[in-house]
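Residues per chain are reported as follows:
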Amino acid sequence: MEQANILIIGGGVVGCAIARAVSARWQDVFLVEQYPKLGMATSSRNSGVIHSGIYYPKNSLKARHCIAGNRLTYEFSKEHNVPFRHTGKLVVAANTQEEEELAALKKKGEDNGVEGLRLIGPAEIRSREPHIAGTAAIEVPSTGIVSAEELVHAYARVASGQGANIVKRAKVVSLEPGKGTIRVGILIGDEEGAQSETIETRCVINAAGLYADEVAALLGNNSWKIYPVRGEYCEIRGARASLINDLVYPLPHAHGLSLGVHFTKTLWGTVLLGPTATYVDGKDNYERERLPIADFAHSAKTLLPEIEERDLQLGYSGLRPKLVPPEGTGIADFVITRDAAVPQAIQLVGIESPGLTAAPSIAEHVAQLVAETFD
Ligand SMILES: Cc1cc2nc3c(=O)[nH]c(=O)nc-3n(C[C@H](O)[C@H](O)[C@H](O)COP(=O)(O)OP(=O)(O)OC[C@H]3O[C@@H](n4cnc5c(N)ncnc54)[C@H](O)[C@@H]3O)c2cc1C
């Protein structure tokens with residue numbers, strides 16, 4: 001039986017950032033990912049925005065890791081040639097009624113320690129985004145965009161270079177705690193010809209994204225239930241992409257469900273419109289019953305009156321691992337904790353947005369928990 005110090009379950013951006021952080025300090029690190037490639041789930045189905053940290057409750061893990069992760073993501077991307085653009089963004093009030101909420105959002109961002117926020121008026125909005133209609137906006141200078149896929153692969157490349165073993169097509173199917181260790185049952189390979197392997201490890205890290213509740217349950221921990229909330233995108237067709245220069249957001253959803261359907265100019269010059277937010281009934285339900293394009297055109301017209309349904313085509317979608325049920329309200333924080341019954345396991349649950357941005361800071365937090373486990 002193979003022996004490990006640390007075994008990470010899940011090869012998304014969070015698992016790969018953790019693999020990088022812990023393999024810098026410890027040997028015999030394994031990362032296992034059920035799919036044939038890393039980052040195929042939520043980590044490559046998002047807006048690719050490096051968030052600033054303005055939206056989250058003060059002192060929450062989301063606020064703390066987003067703000068630290070913002071800086072760390074820029075630094076890492078520069079150092080490892082991950083494509084990114086430091087664009088800044090506008091959060092726009094569509095009318096004077098929304099301006100009070102806009103001012104409250106600015107204050108929240110400042111309370112969180114986000115620097116450089118500035119209220120601007122219609123003339124300055126137009127000089128940056130000539131086709132956007134709004135009465136006021138917050139300029140958020142620390143926001144940017146990054147190639148999410150390349151970021152995941154760069155974290156994994158550094159981890160491998162430091163000696164981490166990254167195993168793909170490897171699904172964790174059982175976790176048996178022993179004295180100071182956990183036996184991890186893994187199915188390796190395609191379903192028909194899959195082989196069973198067992199690795200005994202001193203520490204397990206659950207970074208399984210949408211499946212983190214089910215992985216926690218393998219250890220007998222049923223504390224969490226994840227509700228997939230689909231975010232769908234449209235793309236603005238061809239030359240009409242020139243209607244948007246950078247990143248333009250409306251005010252966020254009132255109940256914390258999402259940041260609102262926004263415009264993102266990608267690194268490739270295309271413009272995404274989305275993501276929407278709908279509770280769906282499966283953790284692989286990316287495409288069933290997609291919203292009609294007319295719905296996107298209707299909501300986009302508030303900020304971009306020139307947009308027409310014919311300018312849009314359906315794009316991809318992603319699933320948020322929400323901890324708040326459909327009938328609930330409010331923002332649930334990231335869960336990053338040692339397991340209450342099995343101290344050699346660390347659980348990461350509900351790592352929804354801003355998880356892409358926060359990943360390198362979450363990874364430092366987890367490395368500290370691992371250090372305490374080994375002390
Ligand atoms: C529509 C949308 C837009 C978003 N936009 C942004 C944004 O602009 N900026 C931002 O910062 N964040 C954004 N996010 C959030 C961000 O994408 C996520 O927080 C982040 O990708 C989560 O990464 P993860 O590694 O936790 O999860 P995942 O990427 O889902 O990775 C988990 C991995 O675990 C694997 N796994 C699960 N179970 C097992 C098992 N039993 N054995 C082996 N492997 C297993 C899965 O296959 C998967 O690859 C967005 C999210 C969505 C849905």
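Caption draft 1: A look at the overall build of the chain. Tallying secondary structure elements over the chain gives eight helices and 20 strands in all. Expected size for 375 residues packed as a compact globule is a radius of gyration near 21 Å; at 21 Å, the chain falls within 12% of this value. By principal-axis analysis of the C-alpha atoms, the chain measures approximately 65 × 45 × 40 Å. Looking at the chain residue by residue over its 375 residues, the buried ones come to 49%. The contacts in the chain between residues at least 6 apart in sequence include a share of 72% that link residues at least 24 apart.

Caption draft 2: Structural context of the site of the ligand. Around the ligand lies a shell of 41 residues, among which Gly 10, Gly 12, Gly 209, Gly 231 and Gly 355 are the nearest. When the residues that make up the shell around the ligand are grouped by side-chain class, the tally is 19 nonpolar, 17 polar and five charged. Taken domain by domain, the makeup of the shell around the ligand includes at least three residues from each of domain 1 (2-45 + 149-225 + 331-374) and domain 2 (89-141 + 227-322).

Caption draft 3: Examining the packing of helix α2 (residues 61-79) against helix α8 (residues 355-374) more closely. Contact pair α2 / α8: the axes reach a minimum separation of 7 Å and the direction vectors enclose 95°. The angle between α2 and α8 places the two elements in the roughly perpendicular class. Mapping the contact onto sequence places His 65, Cys 66, Ala 68, Gly 69, Asn 70, Leu 72, Thr 73 and Phe 76 in α2 and Thr 357, Ala 358, Ala 359, Pro 360, Ser 361 and Ile 362 in α8. Counted by class, the contact of α2 with α8 contains eight nonpolar, six polar and no charged residues.

Caption draft 4: Broad picture of the environment of Glu 124. The topology assignment puts Glu 124 in helix α4 (residues 122-128). When the 15 C-beta atoms within 10 Å are taken as the criterion, Glu 124 is described as partly exposed. Once the C-alpha coordinates of Glu 124 and Gly 193 are considered, the two residues, 69 residues apart in sequence, prove to be 61 Å apart.

Caption draft 5: Expanded view of the domain arrangement of the chain. For the chain, the domain assignment lists domain 1 (2-45 + 149-225 + 331-374) and domain 2 (89-141 + 227-322). Placing a centre on the C-alpha atoms of domain 1 and another on those of domain 2 gives a separation of 32 Å. Here the side of domain 1 that touches domain 2 is built from residues that sort into five nonpolar, four polar and three charged.

Caption draft 6: Layout of helix α1 (residues 13-23). Most of α1 sits out of view: 11 of its 11 residues are buried. Within α1, burial applies to Val 13, Val 14, Gly 15, Cys 16, Ala 17, Ile 18, Ala 19, Arg 20, Ala 21, Val 22 and Ser 23. Tucked into the core, α1 has its buried residues touching β1 (2-9), β2 (29-32), α5 (148-161), β12 (195-206), β20 (345-349) and α8.

Caption draft 7: How the structure looks around the environment of Ile 125. Note on placement: Ile 125 falls in helix α4. Along the chain, Ile 125 and Ala 137 lie 12 residues apart, while their C-alpha atoms are 7.1 Å from each other. Aside from chain neighbours lying at most four places away, what touches Ile 125 is Leu 90, Val 92, Ile 120, Ile 132, Gly 134 and Ala 137.

Caption draft 8: Region of interest: unusual backbone geometry. Residues Gly 274 and Pro 275 are joined by a peptide bond in cis, for which omega reads -5°. For Pro 275, the position within the fold is in the loop between β16 (271-274) and β17 (278-279). Omega for the peptide link from Ser 353 to Pro 354 comes to 10°, which places this bond in the cis form. One non-glycine residue with positive phi stands out, namely Arg 169, at about 50°. On the secondary structure map, Arg 169 appears in the loop between β9 (165-167) and β10 (170-177).

Criteria and cut-off values
Residues numbered from 1 in each chain as written. Predicted model: local features only at pLDDT ≥ 70, side-chain atom pairs only at ≥ 80, totals over all residues. Helix = DSSP H or I, 4+ residues; strand = E, 2+ residues; numbered from the N terminus. Rg over C-alpha atoms; globule rule 2.2 N^0.38 Å. Buried ≥ 20, exposed ≤ 12 C-beta atoms within 10 Å, placed from the backbone. Contact = placed C-beta atoms within 7 Å. Near = placed C-beta within 6 Å. Nonpolar A, V, L, I, M, F, W, Y, C, P; charged D, E, K, R; others polar. Domains from an automatic or database assignment. Axes fitted to C-alpha atoms, helices over the stretch in contact; angles between N-to-C directions. Parallel < 35°, antiparallel > 145°, perpendicular 65-115°, else oblique.

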